[in-house]
Amino acid sequence: MNRPQPTASSRRIRTPYLSIGLVAIGLCVGAALAQGDGAGDRLPVEKRLPPPPSQAAAAVALVASYRYDDLLWENDKTAHRIYGHALEAAEPPSGSGIDSWGKNVAWPFADRQLRSGDQHGYHGEGLDFYNVGTTRGAGGLGIWHDNKLWTSRNYVRAHILKSGGQVADFSVDYAPWPVDVDRKVWETRRFTLPLGTHFTRLVSTIGSDKATPLTVGIGIGKRTTGQGAGDLTVDRARGLISWWGPEDGAHGRMALALRVDPAQIADIRADADNQLILLTVKPGQSFVYYSGSAWNKGEGGFSTRAAWDAYAAGQTLDFTPPKD
């Protein structure tokens, strides 16, 4: 999502249906809800999406040319979006943060959800209630310089490498942006999301007009759902920051996490909009990090902060950059 935070009176999710014994009164949202924590069936369905071509799990990535080149990717656990250059004029201020959606089905839903024209409503398979705004969202980055994060605008080119099978894989380019008046930088970033995980692997290569090292800040946005900044867990030894979002009414909670190579960490800190991990990076040398996301009403069954923290900390991740 990239829009002003709705007030309680403007949210479109209404009071959940009542239930009697084991029989829920309301609309069934599919047997796949049983794969989550069971909370998703307490959301009323506003208007069901068109049926998917298949209910088989798949990892997909696509450019939504019908919506200012939003780039959507998802697997059987989580769904995300980043924004294209065309959106900058249509919905300013648009930024290069990463949007995160809740989903409670194993098959792809984000394209049909976005085409509905109401991606913020619940239509039986998931929704977008995470307000990335101009924050880094779920793992966007910038250059930390002079006590400030200098960030790019929206991506300018996308290359879909794999979609529709076991892995969603694509790369995007970010046009040069200034770091104060001292230098310019630019970035190519590759995203890989296989089935069965909440973590997207990101490989970033940042170029610059100067050869001196950069301090890269990778962030989780503050105040992106509900009221308040949520709860943060920091485990520097594992290269982890984990965020358990505040309750957002009937929408529930989003949970996010970042994992980096601990050997690269320069600092862990915050600015006004983001929780940040700072890394020391050489221009032109790729580095790897991971962004994880879950919805407490969706796939994965993360009903507590402790469960999400344990999952995020327990993943065995490869921080070796690709050779190609």
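For every chain, the first residue of the written sequence is number 1, and numbering continues from 1 onward in sequence order. Only residues with pLDDT of at least 70 get local features here, since the model is predicted, and only at 80 or more are side-chain atom pairs given and counted; chain-wide, interface and lining totals rely on the full set of residues. As a convention, hydrogens and water are excluded, and side-chain values are obtained from all of the structure's heavy atoms.

Trainee: Now, about the layout of surface pockets: what can you tell me, with residues and values included?
Mentor: Computed over the protein atoms alone on a 1 Å grid, cavities are sets of points where a 1.4 Å probe fits but cannot get out and pockets are open sets with protein on both sides within 12 Å along at least five of seven lines; a residue lines them when it has an atom within 4 Å of a point. Grid points are joined across faces, edges and corners, and a volume is the space filled by probe spheres set on the points. Estimates place the volume of the second largest pocket at around 230 Å³. Residue lining of the second largest pocket: 14 residues in total, with T134, R136, L149, T151 and S152 positioned closest to the centre. The residue classification treats Ala, Val, Leu, Ile, Met, Phe, Trp, Tyr, Cys and Pro as nonpolar and Asp, Glu, Lys and Arg as charged. All others, Gly included, are polar. Its residues assigned to classes, the lining of the second largest pocket comprises two nonpolar, seven polar and five charged.

Trainee: Please provide a residue-by-residue account of unusual backbone geometry, values included.
Mentor: The omega angle of the peptide bond from P92 to P93 is -10°, so this bond is cis rather than trans. Positive phi is not limited to glycine here, since Y68 has a value of about 60°. Note on Y68: relative accessible area 38%, which makes it partly exposed. With a phi angle near 60°, N147 is a residue other than glycine that sits in the positive phi range. We count a stretch as a helix when DSSP gives it H or I for four or more residues in a row; a strand needs E for two or more, and each element gets its number in order from the N terminus. With respect to the helices and strands, N147 occurs in the loop between β8 (138-145) and β9 (148-150). Burial classes follow relative accessibility: with a 1.4 Å probe on protein chains only, a residue under 20% of its type's maximum area counts as buried, one over 50% as exposed, and anything between as partly exposed.

Trainee: Can you break down the confidence of the model for the protein chain residue by residue, with the values?
Mentor: Confidence scores here are pLDDT values: one per residue, from the predictor, ranging 0 to 100. When pLDDT is averaged along the protein chain, the result is 89; 87% of the residues meet or exceed 70. Should any heavy atoms of two residues lie within 4.5 Å, those residues are considered in contact. Note that residues 3-41 has pLDDT below 50 and, in this model, 75 contacts with residues that lie over four places away or in other chains.

Trainee: Any details on the sheet that holds strand β15 (residues 231-235)? Residues and values, ideally.
Mentor: Two strands pair if DSSP finds at least two bridges between them. One open sheet accounts for eight strands, arranged β10-β11-β12-β13-β20-β17-β16-β15; its pairing is antiparallel. Of all strands in the sheet, those with a lone pairing partner are β10 (157-162) and β15, marking the two edges. Taken pair by pair, the neighbouring strands of this sheet meet at an average axis angle of 20°, ignoring direction. Here β10 runs beside strand β11 (residues 167-179); their pairing, made up of five bridges, is antiparallel. Residue pairing for β11: R157 is matched across the bridge by D173. Angles shown run from 0 to 180 degrees and are taken between the N-to-C directions of axes, each axis being a line fitted to C-alpha atoms and, for helices, limited to the stretch in contact. Seen against the sheet, helix α3 (residues 305-314) touches β13 (199-208), β15, β16 (240-244), β17 (254-260) and β20 (287-295) and runs at an angle of roughly 155° to β16.

Trainee: Which residues make up the pairing of β20, and what values do they have?
Mentor: Most of β20 sits inside the fold, with nine of its nine residues counted as buried. Neither face of β20 is exposed, since F287, Y289, S291, S293 and W295 on one face and V288, Y290, G292 and A294 on the opposite face are all buried. Of the pairings in the sheet, the one linking β13 to β20 comprises six bridges and is antiparallel in character. Pairing of R201 across the sheet is with Y290, part of β20. As defined by bridge partners, β17 adjoins β20 across seven bridges and the pair is classed as antiparallel. Among the inter-strand pairings, L256 is bridged to a residue of β20, identified as S293.

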